[in-house]
Amino acid sequence: MRSLEHEGVDVLFGYPGGSIMPTYDALYDHKDSLNHILVRHEQAAVHAAQGYARVSGRVGCVIVTSGPGAMNTITGVADAMIDSTPLVVVCGQVGAAMLGTDAFQEVDVVGVTQPITKWNYQIRRAEDIAWAVARAFYIAKSGRPGPVVLDFTKNAQTAMIDYEPQKVDFIRSYKPVPQCEPEIIEQAAQMINAAEKPFMLVGQGVELAGARNELLELCQKAQIPFGTTFLGLSAAPSDHPLNMGRLGMHGNLGPNVMTNQCDLLIAVGMRFDDRVTGNLKTYAKQAKIIHLEIDPSEIDKNVKVNLAVLGDCKETMAAICEKVNPASHQAWIDGFKPYAEKEFNMVINPALNPTEGPILMGEVVRKVSEATNHEGIMVTDVGQNQMFACRYFQFTKPRSVVTSGGCGTMGFGIPAAMGACFGAPDRTVCMFAGDGGLQMTIQEFGTIMEHQIPVKMILLNNNYLGNVRQWQYMFFNKRYSFTPMTNPDFELISKGYNIPCRTVVDRKDLDAAIREMIDTKGPYFLQVAVKEEDNVLPMTPPGANIDEMLLEVK
């Protein structure tokens, strides 16, 4: 507990059990400084810690017991690894003398988590606790962030030693931030100066580095239009004139088409995920590519680049900005407008301003965003709710997007939103979920009730596993194999947890319900009955070229 306090931890998410009981007993004497949130399932503890970390920029902390308790964290740990979220997960373990005996609730946590962590370590001696915690936090938050798991044997929890604080800020074999050579910066600036049609891809790395100002300064000086990845959505204001929208499968038409027309592609803090690139054989073959990245393993992993700029992008973008010449690429920037107009007329306007028929997901999302003055934190579950939320929520502040990107974990939404409320208590947290994902972690209504966590939960209920249904509609001849859902009375469940709630079926009631939700102190559950067979568009079909986007489905 003292080691956690020494690292500045103020919130813990966890669930006690036999092999972690001595630690929880110690926690009893530290309740004033360490706010422990008792979740209702260990997976929710990790997702909550992710939400906390993503909005605060700090390390999320989890404590669970051994065996099934530890195993229930695995999905969240894997999610945190692929989405670069800093976590320290402390798992109880049987005593060191019993390791390898198949003792009650013994699982090889180190072996299981090794492929999905930045570092893991088994603490077998009390003398190693302070060192291991200090090292864990340093590794989790430095360089490209990620999860660390500490496997904490019971004998190490019960032994007595004198506590001595430890600080780790250097590990000989670990270089979290590569050194960038001045000639590389010079070369990058020369390539930007020579470009006539530059385009920048902005990833979550910009958010993690706190590099919004450096990004905007560089883009404004060199007049570089940019698009954002899924996790990089709030790295720049949504309404910035150089922000052309989101990249990828369900992104905006202009950025995807122009990716295959630019002469210089500048990727910052992103990993060229397959949902961004589409068919790699045709992806940006006409362009020279610069990749600004803190993790050397991402260079040339998916897309071969002409220049790798390794280092912290906050520093490398600032250095490049000093070297580039002021420029104007107005004709190139104007080239995005016809695509934006086409998408607006065919997709966006009908989604936001329907004149009749069932309520649409897009209009709900935009109205919620407007109700927060576009200053809210958007948390999503996974599925169509996620795609519509990321398309139609608007952002003005950094660290405003909490969603499961690389892993696509259903059930992420509720617990991640809980954590976001603790990570940014002064902001409004709006969580969008579908009826499928909501039920995967609906037990966390109990956590919300107990702590009166002020999360605003919006259920976009279409009685389907909507995203799978859309793919079945488009690619499997409308064979809806086990995607229709028979759902419970969600409003009744919410009332059972004493969470204020409302259900909207008619469009005329939507504005008032959203205002009531936002104005209510504490948690609120808003269920909206939406069109059952709505589709997220545009869409690049799987395996297609990134510029082959469908604007309508027949």
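Remember, predicted model here, so these are calculated numbers, not experimental data.

Definitions and cut-offs
- Residues numbered from 1 in each chain as written.
- Predicted model: local features only at pLDDT ≥ 70, side-chain atom pairs only at ≥ 80, totals over all residues.
- Heavy atoms only, no water.
- Helix = DSSP H or I, 4+ residues; strand = E, 2+ residues; numbered from the N terminus.
- Rg over C-alpha atoms; globule rule 2.2 N^0.38 Å.
- Buried < 20%, exposed > 50% of the residue type's maximum accessible area, 1.4 Å probe, protein only.
- Contact = heavy atoms within 4.5 Å.
- Areas by Shrake-Rupley, 256 points an atom, 1.4 Å probe, with all protein chains shown as cover.
- Lys, Arg positive; Asp, Glu negative; His and termini not counted.
- Charge placed at Lys NZ, Arg CZ, Asp CG, Glu CD.
- Expected span 1.5 Å × (residues − 1).
- Salt bridge = Lys/Arg side-chain N within 4 Å of Asp/Glu carboxyl O.
- Pairing = 2+ DSSP bridges.
- Axes fitted to C-alpha atoms, helices over the stretch in contact; angles between N-to-C directions.
- Parallel < 35°, antiparallel > 145°, perpendicular 65-115°, else oblique.
- Left-handed = near helix turned anticlockwise from the far one by under 90°.
- Nonpolar A, V, L, I, M, F, W, Y, C, P; charged D, E, K, R; others polar.
- Core = buried A, V, L, I, M, F, W, Y, C linked by side-chain atoms within 4.5 Å.

A. Broad picture of the overall build of the protein chain. Looking only at helices and strands, one finds 24 helices and 18 strands in the protein chain. Over its C-alpha trace the protein chain gives a radius of gyration of 24 Å, about what one expects of a compact globule, namely 24 Å for 554 residues. On the principal axes, the C-alpha backbone points of the protein chain span a range of 70 × 60 × 40 Å. Buried residues in the protein chain amount to 58% of all 554 residues. The contacts of the protein chain with a sequence gap of at least 6 include a subset with a gap of at least 24, amounting to 76%. Surface exposure of the protein chain reaches about 22400 Å², of which carbon and sulfur atoms provide 50%. In the protein chain, which carries 48 positive and 61 negative side-chain charges, the distance between the mean positions of the two groups comes to 3 Å.

B. Summary view of helix H7 (residues 129–141). When the terminal C-alpha atoms of H7 are compared, their 19 Å separation across 13 residues agrees well with the 18 Å that a helix rising 1.5 Å per residue should span. For H7, a buried count of ten out of 13 residues is recorded, marking the element as mostly surrounded by other parts of the structure. Restricting attention to buried positions, one finds in H7 the residues Ala 130, Ala 132, Val 133, Ala 134, Arg 135, Ala 136, Phe 137, Tyr 138, Ile 139 and Ala 140. Where H7 is buried, its residues meet helix H1 (2–6), strand S3 (60–64), strand S4 (87–93), strand S5 (119–123) and strand S6 (147–153). Looking one or two residues past H7, Gly 143 carries a phi angle of roughly 60°, positive in sign.

C. Just the pattern of salt bridges, in detail. Taken as a whole and judged by the stated rule, the model has 17 salt bridges. When the shortest N-O distance is used, the salt bridge between Arg 144 and Glu 298 registers 2.8 Å. A residue pair is termed long-range when its members are at least 10 positions apart, and Arg 144 in the loop between H7 and S6 and Glu 298 in the loop between strand S11 (288–293) and strand S12 (307–310) qualify at 154 residues. Owing to a relative accessible area of 21%, Arg 144 belongs among the partly exposed residues under this scheme. In this structure, the salt-bridge partner of Lys 508 is Asp 509, at a minimum N-O distance of 3.3 Å. Given the relative accessible area of 65%, Lys 508 is considered exposed. The network of salt bridges with shared partners includes Arg 144, Asp 295, Glu 298 and Lys 301.

D. Quick peek at the sheet that holds S12. Sheet architecture is open: six strands sit in the order S9-S8-S7-S10-S11-S12, paired in parallel fashion. One side of each edge strand has no neighbouring strand; the edge strands of this open sheet are strand S9 (243–246) and S12. Taken pair by pair, the neighbouring strands of this sheet meet at an average axis angle of 20°, ignoring direction. Strand direction decides the pairing type here: strand S8 (residues 226–228) and S9, joined by two bridges, are parallel. Across the sheet, Phe 226 pairs through a bridge with Asn 243, a residue of S9. Packed on one face of the sheet, helix H14 (residues 313–323) meets strand S10 (264–268), S11 and S12 and runs near 135° to S11.

E. Summary view of the sheet that holds S3. If you trace the six strands from one edge of the open sheet to the other, you get S2-S1-S3-S4-S6-S5, paired in parallel fashion. Two strands in the sheet have a free side with no partner beyond their single neighbour: strand S2 (35–38) and S5. Adjacent strand axes in the sheet meet at a mean angle of 20° when their direction is disregarded. Note that strand S1 (residues 11–14) and S3 share two bridges and pair parallel. Bridge assignment links Phe 13 to a residue of S3, and that residue is Val 62. Along the sheet, helix H5 (residues 74–82) makes contact with S4 and S6, crossing S6 at roughly 145°. This element, H7, spans S3, S4, S5 and S6 of the sheet and lies at about 170° to S5.

F. Structural detail: the packing of helix H11 (residues 212–222) against H14. Relative to each other, H11 and H14 sit at 25°, their axes nearing to 9 Å. Comparing the axis directions of H11 and H14 gives the class roughly parallel. The two elements H11 and H14 meet at a crossing, and its hand is left-handed. Residues Glu 214, Leu 215, Glu 217, Leu 218 and Lys 221 of H11 lie in contact with H14, whose contacting residues are Lys 314, Met 317, Ala 318, Ile 320, Cys 321 and Glu 322. Residue composition of the contact of H11 with H14, by class: six nonpolar, no polar and five charged.

G. How the structure looks around the nonpolar core. In this structure, Met 200, Leu 265, Phe 272 and Ile 290 are the most contacted members of the largest nonpolar core, which totals 55 residues. At the level of elements, helix H9 (182–194), strand S7 (198–202), H11, S10, S11, S12, H14 and helix H15 (330–334) are the ones that each hand at least two residues to this core. With near-sequence residues (within four places) excluded, Met 200 lies in contact with Leu 215, Leu 218, Cys 219, Ile 224, Pro 225, Phe 226, Gly 227, Ile 266 and Val 268. Grouped together as the second largest cluster of nonpolar side chains are 49 residues, Ala 44, Ala 49, Met 418 and Ile 499 included.

H. Looking closely at unusual backbone geometry. In the segment running from Leu 537 into Pro 538, the intervening peptide bond is cis, with an omega of 0°. You will see that Lys 478, though not glycine, has its phi angle at about 60°, which is positive. Inspection of the secondary structure puts Lys 478 in the loop between helix H22 (466–475) and helix H23 (490–496). Overall, the relative accessible area of 48% leaves Lys 478 in the partly exposed class.

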